[in-house]
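Results of the structural survey
Read off the chains here:
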Amino acid sequence: MFHVGDIVARFSHQEDIFFHVDQIHVNLAGEAKAILKGLNLRLLADAPISDLIAKSPVEVANYEREDNKMIYQKLNKLTSQRKVDLDDKSDFFEIPGRVLQVDGDQDYLSQCIKTYKQMGIQAKGVCKSEIEQPKAIRKILQENPTDILVLTGHDAFIRGKKDFHSMDSYRSSRYFVESVLEARRFQHDRDTLVIFAGACQSNYEAILSAGANFASSPKRMLIHAFDPVFVVERIAFTPMDQIVSVKDILMHTITGTDGVGGIETRGQMRKGYPRSPY
C-alpha cells in the first residue's frame, strides 16, 4: 500500500529515478495508478502501483547526498568563474539581474529561491500550476517587475506518442508556450525581459519560437530542478554590455546541451561607480 508523499522508484525503469507519490487514482476496475513527481528531476510521470517500490530513508539519503554533491560542484565552478570575471571591486559595485520564477512545484520553487539568494541574486517566486500559468503570467509580471523570468514546473513526453512536434505529445509544453507568448505580449524585447521556460522533455523548439531565450529540452531529456538556476546565474552576473556565451552557460548546467539550449542574450548585470564605504 502506498500513500501520497511516499518516495518510490519504478521496477520497469530499473529504479533509476526517485519520485514523490503526488496522487493515487483507482479506476472502475479497481486498478490503482500513481502520479509521480521527480525528487530532483522536473519530471511528471504515471505508473501502476504494481510497478512501484518504496525507498527506505537510507536509500533516499544516499540518493540526495549524491545529488547535492553534484549541485555543490556546479555552484563552486560558477562562483570561481564569477571571481575571474570581476574587475577591480574596490571602485565598482554590481547590481545583478532580478529574477522572477513561476513554478508549478512549491518544493522546487523554494529550493531555487533559496539558492538564488545564496548567490546574491534578488529573486521572487510564485507557485502556479503549469495549466494556470498562461492566464496568470501578465498580472504576475505587472506586480513583480523583473529582468529574468523563469517559467517551469513538470513536463514529460507522453508514453506511446511519436510526434515530437505535436503539443498533444506533451503533458505541459503547451502551457509553457502559451505563457511565453503572453509574457512576450507584455514585453517583446528578449534583452529587456530574458525568459527561461520548460521542464523535463519539453518541446524545446516550440518554446523558443514562442519567444523564450532559453528552453528545454533539445533532445527531450530529463532536466535537473536546478538547471534553470545555473542558466540564470550566468545571465544575472554578465554585464549588460556583453552577450552571454550560450556554450558557457550550458557547460555549467547539470544536463548540458541535451537538456537545455538557447540563443544569444545580453547579460543583466549593471555596474555602478563609486562604491559606497557604507
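Residues numbered from 1 in each chain as written. Predicted model: local features only at pLDDT ≥ 70, side-chain atom pairs only at ≥ 80, totals over all residues. Heavy atoms only, no water.

1. Describing the sheet that holds strand β3 (residues 32-38)
Sheet architecture is open: five strands sit in the order β4-β3-β2-β1-β5, paired in antiparallel fashion. Bordering the open sheet on either side are β4 (44-48) and β5 (52-54), each of which pairs with just one other strand. With strand direction ignored, the average angle separating the axes of adjacent strands in the sheet is 45 degrees. (Pairing = 2+ DSSP bridges. Helix = DSSP H or I, 4+ residues; strand = E, 2+ residues; numbered from the N terminus. Axes fitted to C-alpha atoms, helices over the stretch in contact; angles between N-to-C directions.)

2. Details of the environment of H3
Its location among the elements puts H3 in the segment before β1 (7-10). Sequence separation between H3 and D22 is 19 residues; the distance between their C-alpha atoms is 8.7 Å. In this structure, H3 is in contact with V21 and I24, ignoring residues within four places of it in sequence. (Contact = heavy atoms within 4.5 Å.)

3. Regarding the nonpolar core
One recurring pattern in soluble globular proteins is that nonpolar side chains are buried together. Counting 53 residues, the largest nonpolar core has L36, V99, Y116 and I235 as its most contacted members. For this core, the element with the most residues is helix α6 (residues 227-236), which contributes six residues. Counting residues in each nonpolar core, the second largest holds 25 residues, with V102, I140, A197 and A215 among its members. (Core = buried A, V, L, I, M, F, W, Y, C linked by side-chain atoms within 4.5 Å. Buried < 20%, exposed > 50% of the residue type's maximum accessible area, 1.4 Å probe, protein only.)

4. Quick look at a nonpolar patch on the surface
Taken together, the side chains of V4, I24 and V26 present a nonpolar region at the surface, about 260 Å² in accessible area. Among the secondary structure elements, V26 is positioned in strand β2 (residues 19-26). (Patch = residues over 30% accessible without salt bridge, like charges linked within 9 Å, V, L, I, M, F, W, Y side chains within 5 Å. Areas by Shrake-Rupley, 256 points an atom, 1.4 Å probe, with all protein chains shown as cover. Salt bridge = Lys/Arg side-chain N within 4 Å of Asp/Glu carboxyl O.)

5. Re the pattern of salt bridges
Applying the stated criterion to the full structure yields 14 salt bridges. As a salt-bridge pair, R98 and D147 come within 3.1 Å of each other at their nearest N and O atoms. Linking R98 in the loop between β6 (93-95) and β7 (99-103) with D147 in the loop between α3 (133-143) and β9 (148-152), this pair joins segments that are 49 residues apart in sequence. Among the residues examined, R98 registers a relative accessible area of 30% and is labelled partly exposed. Between D168 and R174 there is a salt bridge; the shortest N-O distance is 2.6 Å. Owing to a relative accessible area of 28%, R174 belongs among the partly exposed residues under this scheme.

6. Focus on unusual backbone geometry
Backbone torsion omega between S216 and S217 reads 5 degrees, so that peptide bond is classified as cis. Within the element layout of this structure, S217 appears in the loop between β11 (214-215) and α6. Phi is positive for Q14, which is not a glycine, with a value near 55 degrees. The topology assignment puts Q14 in the loop between β1 and β2. Judged by relative accessible area, Q14 falls into the exposed class, the value being 68%.

7. Focus on helix α4 (residues 173-186)
With 14 residues, α4 should cover 20 Å at 1.5 Å per step; its first-to-last C-alpha distance of 20 Å lies within 8% of that length. Next to the buried residues of α4 lie α3, β9, β10 (194-197) and α5 (204-210). (Expected span 1.5 Å × (residues − 1).)

8. A few points about the side chain of H252
Assignment of secondary structure puts H252 in the loop between α7 (246-251) and α8 (256-259). Among the polar contacts made by the side chain of H252, one reaches the side chain of D248 at a distance of 3.5 Å. (Polar contact = N/O pair within 3.5 Å; in protein donor to acceptor, adjacent residues only side chain to side chain.)

9. A closer look at the side chain of T253
Inspection of the secondary structure puts T253 in the loop between α7 and α8. Within the structure, T253 has its side chain in polar contact with the backbone oxygen of L250 (distance 2.7 Å). A polar contact is formed between the side chain of T253 and the backbone nitrogen of G256, at a distance of 3.0 Å. Each residue touching T253, except ones within four places of it in the same chain, is listed here: K74, D227, F230 and V231.

10. Considering the pairing of β10
Residues V194 and F196 of β10 are buried on one face, and the alternating residues I195 and A197, pointing to the opposite face, are buried as well. When β9 meets β10, the two strands line up parallel, connected through four bridges. Looking at the pairing, L151 lines up with A197 of β10. Of the crossover connections in this fold, the one passing from β9 over α4 to the parallel β10 is right-handed. Pairing of β10 with β11, which is carried by two bridges, proceeds in the parallel orientation. Counted as the bridge partner of F196 is F214 from β11. Regarding the hand of the β-α-β motif, the stretch spanning β10, α5 and β11 is right-handed. (Right-handed = clockwise from strand over helix to strand, strands pointing away.)

11. Here's the deal with the packing of helix α2 (residues 106-118) against α6
Remark: α2 packs on α6, axes separated minimally by 10 Å, with the N-to-C direction vectors making an angle of 25 degrees. With respect to each other, α2 and α6 are oriented roughly parallel. For the element pair α2 and α6, the recorded crossing hand is right-handed. Residues C112, T115 and Y116 of α2 form the contact with α6, whose participating residues are P228, V229 and V232. Considering only residue class, the contact of α2 with α6 consists of five nonpolar, one polar and no charged. (Parallel < 35°, antiparallel > 145°, perpendicular 65-115°, else oblique. Left-handed = near helix turned anticlockwise from the far one by under 90°. Nonpolar A, V, L, I, M, F, W, Y, C, P; charged D, E, K, R; others polar.)

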